[in-house]
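Structural description and commentary
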Amino acid sequence: MSNTMLQIVVLAAIAVFLIMRLRNVLGTREGFERPPQPVQAARPAPVAVPAEESDVLDHAEAGTPAAEALSAMQRAEPSFAVGPFLSGARQAYEMILTAFERGDLSEVRPFLAPPVAEAFDAVIAQRQAQGIRTEVQYLGTRETALQGASFDPQTGAGEISVRFVGELIAVHRDAGGNVVEGDPKAARKQRDVWTFARRMGQDDPNWQLVATA
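Residues numbered from 1 in each chain as written. Predicted model: local features only at pLDDT ≥ 70, side-chain atom pairs only at ≥ 80, totals over all residues. Heavy atoms only, no water.

Here we come to the pattern of salt bridges. This structure, assessed with the given rule, holds nine salt bridges. In this structure, Arg 142 and Glu 167 form a salt bridge, with 2.8 Å as the shortest nitrogen-oxygen distance. Here Glu 167 lies in strand 2 (residues 157-173) and Arg 142 lies in strand 1 (residues 133-152), a separation of 25 residues in the sequence. When its relative accessible area of 49% is taken as the criterion, Arg 142 is described as partly exposed. (Salt bridge = Lys/Arg side-chain N within 4 Å of Asp/Glu carboxyl O. Helix = DSSP H or I, 4+ residues; strand = E, 2+ residues; numbered from the N terminus. Buried < 20%, exposed > 50% of the residue type's maximum accessible area, 1.4 Å probe, protein only.)

Tallied over the entire structure, the rule returns 10 aromatic pairs. One aromatic cluster is present, built from ring pairs that chain together Phe 80, Phe 85, Tyr 93, Phe 164, Trp 194, Phe 196 and Trp 207. Directly above the aromatic system of Phe 100 lies the positively charged group of Arg 127, at a separation of 4.8 Å from the ring centroid. (Phe/Tyr/Trp six-rings, centres within 6.5 Å; stacked < 30°, edge-to-face > 60°. Lys NZ or Arg CZ within 6 Å of the ring centre and 35° of its normal.)

A separate point is the nonpolar core. Grouped together as the largest cluster of nonpolar side chains are 39 residues, with contacts concentrated most on Leu 70, Phe 80, Phe 85, Leu 112, Ile 160 and Phe 196. Only helix 2 (65-76), helix 3 (82-102), helix 4 (114-129), strand 1, strand 2 and strand 4 (188-199) provide two or more residues apiece to this core. When residues of this core are assigned to their parent elements, the largest contribution, 10 residues, is made by helix 3. (Core = buried A, V, L, I, M, F, W, Y, C linked by side-chain atoms within 4.5 Å.)

Its 12 residues place the ends of helix 2 17 Å apart at the C-alpha level, agreeing with the 16 Å of an ideal helix rising 1.5 Å per residue. Turning to helix 2, its buried residues number three or more, namely Ala 66, Ala 67, Ala 69, Leu 70, Ala 72, Met 73 and Gln 74. Here the buried face of helix 2 lies against helix 3, strand 1 and strand 2. (Expected span 1.5 Å × (residues − 1). Contact = heavy atoms within 4.5 Å.)

In this structure, Asp 55 sits in the loop between helix 1 (3-26) and helix 2. For the buried Asp 55, which has no salt bridge, the nearest side chain bearing the opposite charge is Arg 75, at an N-O separation of 12 Å. Residues contacting Asp 55, with those up to four places away along its chain left out, are Gln 74, Ala 81, Val 82, Gly 83 and Pro 84. (Lys, Arg positive; Asp, Glu negative; His and termini not counted.)

It is worth spelling out the layout of surface pockets at this point. Of the voids in this model, the largest pocket is the one considered here, and its volume is about 250 Å³. Lining the largest pocket are 14 residues, and of these Gly 88, Ala 89, Ala 92, Phe 111 and Trp 207 sit closest to its centre. Residue contributions to the lining of the largest pocket peak at eight residues, all from helix 3. (1 Å grid on protein atoms, 1.4 Å probe; cavity = no way out; pocket = protein on both sides within 12 Å on 5 of 7 lines; lining within 4 Å. Points joined across faces, edges and corners; volume = space filled by probe spheres on them.)

Take the packing of helix 3 against helix 4 next. Where helix 3 contacts helix 4, the axes come no closer than 9 Å and their chain directions differ by 30 degrees. Our classification of the angle between helix 3 and helix 4 gives roughly parallel. Between helix 3 and helix 4, the residues in contact are Ile 96, Phe 100 and Glu 101 and Phe 120, Val 123, Ile 124 and Arg 127, respectively. Along the lines of polarity and charge, the residues of the contact of helix 3 with helix 4 split into five nonpolar, no polar and two charged. (Axes fitted to C-alpha atoms, helices over the stretch in contact; angles between N-to-C directions. Parallel < 35°, antiparallel > 145°, perpendicular 65-115°, else oblique. Nonpolar A, V, L, I, M, F, W, Y, C, P; charged D, E, K, R; others polar.)

Another point: the confidence of the model for the protein. Scored by pLDDT, the protein comes out at a mean of 82, with 76% of its residues at no less than 70. Across residues 3-47, where pLDDT falls below 50, the model places 14 contacts with residues more than four positions away in sequence or in other chains. (pLDDT = per-residue confidence, 0-100.)

See the structure below:
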């Protein structure tokens, strides 16, 4: 065999060897296969929120435990801001309070911690046992303000207490339609301090009501 033919045979053998190795490593496509999926970017590590971008001091006095806790929450979850939280808390207050007065918690139950839900359920069950029905008209929230905050760096759990002043017309009637509580022609002010909790840095953005006062 000439040198030229020998070189051709050797090169061909090497080519076959490389093809077989590639098939073993990469595999072959047979039938339907899912197309390559985009790789999700890694979640950035928590960073300090620049002071000029933080709204903590708009709602809490500098150096207070509440301000320190809120700042720690922002470090754990840079997208957290106090203003949007208070707006969401106000909406939750209106929804939960109205649902409680009407005696139907089905739509707001995911936002209630189990002990709070149980307490609300007990009051609603007592009213139902007495044959009391409620008519409610929510007129608006007159005040929403930060009351306090705490943060546990070990667990990442944050708690924020909010002071609300709501105005509504709520009337409780007995089985005969007689008013047993409230006035259908007069609004009343409802003052509450509610505490919401959430583990910061988690994908679930929802806060839960964990205490009422």
